[in-house]
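Per-entry structural report
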Amino acid sequence: MSLEHAILVSLLEQPASGYDLARRFDRSIGRFWTATHQQIYRVLKRMDGDGWVTAEAVGQAALPDKKVWSVTPTGRSALVGWLRAPVQPEAVRHELAVKIRGAAFDDDAGRAALVAEVERYRADHAAILAGYLAGEARDFPDPAAPDARGALQHVVLRGGIAYERMVLAWLDDVLDTLRDLDRCPERRPA
């Protein structure tokens, strides 16, 4: 997937200024595809040149006009072509998992530092899960009611919720294992 496709999906959901689009990435789609504000503006300019998006100047009181971007038929066709192409499983690169394996070669102080890092990492994921659950309660109070777009947004959110729950369960297992090693000196690495 490219940033272009993520932007097309977001703009088809609702036209937006570059600033508003960047805020959407920060709030929602950014957990699945990240981009800086500068990247978004650069890609919008390229997409405009390719005829995938168009901008309408909108006046603002006491502020400069802003550009509100929307998808052109050419952009929609590009997205549909991408939607119909096969997706390959992504390779997972997980630095914390490598550190956990490497803990077998560290001393007690290193493992204690790793426990603190896993606890910090767990707290970050617990906060993400809490945000997802709050968003679900806010945006999908009646799961039976959404239209197709809402149902698909909700299923992606449920995937994020399931992922975060899985990560938290795994991190709890990691912490239990590290603490068990500390309680059993005979299992500690040499």
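Now for a description of the structure that goes with this document. Bear in mind the structure is a predicted one, so any value in this text is a computation, not a measurement.

Let us look at the pattern of salt bridges. Throughout the structure, instances matching the rule amount to eight salt bridges. As a salt-bridge pair, Arg46 and Glu4 come within 2.6 Å of each other at their nearest N and O atoms. Residue Arg46 is located in helix H3 (residues 37-49), and its partner Glu4 is located in helix H1 (residues 3-13); the two are separated by 42 residues in the primary sequence. Under the relative-accessibility criterion, Glu4 is labelled buried at 14%. Notably, a salt bridge pairs Arg23 with Asp20, separated by 3.7 Å at the nearest N-O pair. With Arg23 and Asp20 both in helix H2 (residues 18-27), this residue pair falls three residues apart, about one helical turn.

This part takes up the pairing of strand E2 (residues 53-60). Taken together, the seven bridges between E2 and strand E3 (residues 63-71) define a ladder with antiparallel strand orientation. Looking at the pairing, Gln60 lines up with Leu63 of E3. Between E2 and E3, which pair antiparallel in sequence order, lie two residues; one of them, Ala62, sits at a positive phi of approximately 65°.

This part takes up the sheet that holds strand E1 (residues 16-17). Spatially, three strands are ordered E1-E3-E2 in an open sheet, and the strand pairing comes out antiparallel. Since the sheet does not close on itself, it has two edges, and those belong to E1 and E2, each with one partner.

Among the nonpolar cores identified, the biggest contains 19 residues, and Ile7, Leu11, Leu21, Phe25 and Ile40 are the most heavily contacted of them. The set of elements that each furnish at least two residues to this core consists of H1, H2, H3 and E3. Here this core gets five residues from one element, more than from any other, and that element is H1. Ile100, Ala103, Leu114 and Leu175 belong to the second-largest nonpolar core, a separate cluster that totals 11 residues.

The next subject is a nonpolar patch on the surface. A cluster of nonpolar side chains, contributed by Phe32, Leu152, Val155 and Val156, occupies part of the molecular surface with about 360 Å² of accessible area. On the secondary structure map, Val156 appears in helix H7 (residues 148-183).

Following both chains from N to C, one finds helix H5 (residues 95-102) and helix H6 (residues 108-139) inclined at 155°, their axes separated by 11 Å at the closest point. Relative to H6, the element H5 lies roughly antiparallel. Where H5 crosses over H6, the two elements pack in a sense that is left-handed. Here Leu96, Lys99 and Ile100 of H5 come into contact with H6, specifically with Leu114, Glu117, Val118 and Tyr121. A breakdown of the residues in the contact of H5 with H6 according to their chemical character gives five nonpolar, no polar and two charged.

This part covers unusual backbone geometry. Within the chain, Ala62 stands out as a residue other than glycine whose phi angle is a positive 65°. With respect to the element layout, Ala62 can be found in the loop between E2 and E3.

A separate point is H2. Of all the residues in H2, the buried ones are Gly18, Leu21, Ala22, Arg24 and Phe25. Taken down its axis, H2 places every buried residue within 155° of arc, on the same side. The exposed residues of H2 that point more than 90 degrees off its buried face are Asp26 and Arg27. Considering only its buried residues, H2 is in contact with H1, E1, H3 and E3.

What follows is about the environment of Pro89. As for its placement among the helices and strands, Pro89 is situated in the loop between helix H4 (73-84) and H5. It is 25 Å that separates the C-alpha atoms of Pro89 and Asp173, two residues lying 84 residues apart in sequence.

Definitions and limits used
Residues numbered from 1 in each chain as written. Predicted model: local features only at pLDDT ≥ 70, side-chain atom pairs only at ≥ 80, totals over all residues. Heavy atoms only, no water. Salt bridge = Lys/Arg side-chain N within 4 Å of Asp/Glu carboxyl O. Helix = DSSP H or I, 4+ residues; strand = E, 2+ residues; numbered from the N terminus. Buried < 20%, exposed > 50% of the residue type's maximum accessible area, 1.4 Å probe, protein only. Pairing = 2+ DSSP bridges. Core = buried A, V, L, I, M, F, W, Y, C linked by side-chain atoms within 4.5 Å. Patch = residues over 30% accessible without salt bridge, like charges linked within 9 Å, V, L, I, M, F, W, Y side chains within 5 Å. Areas by Shrake-Rupley, 256 points an atom, 1.4 Å probe, with all protein chains shown as cover. Axes fitted to C-alpha atoms, helices over the stretch in contact; angles between N-to-C directions. Parallel < 35°, antiparallel > 145°, perpendicular 65-115°, else oblique. Left-handed = near helix turned anticlockwise from the far one by under 90°. Contact = heavy atoms within 4.5 Å. Nonpolar A, V, L, I, M, F, W, Y, C, P; charged D, E, K, R; others polar. Arc of directions from axis to C-beta.

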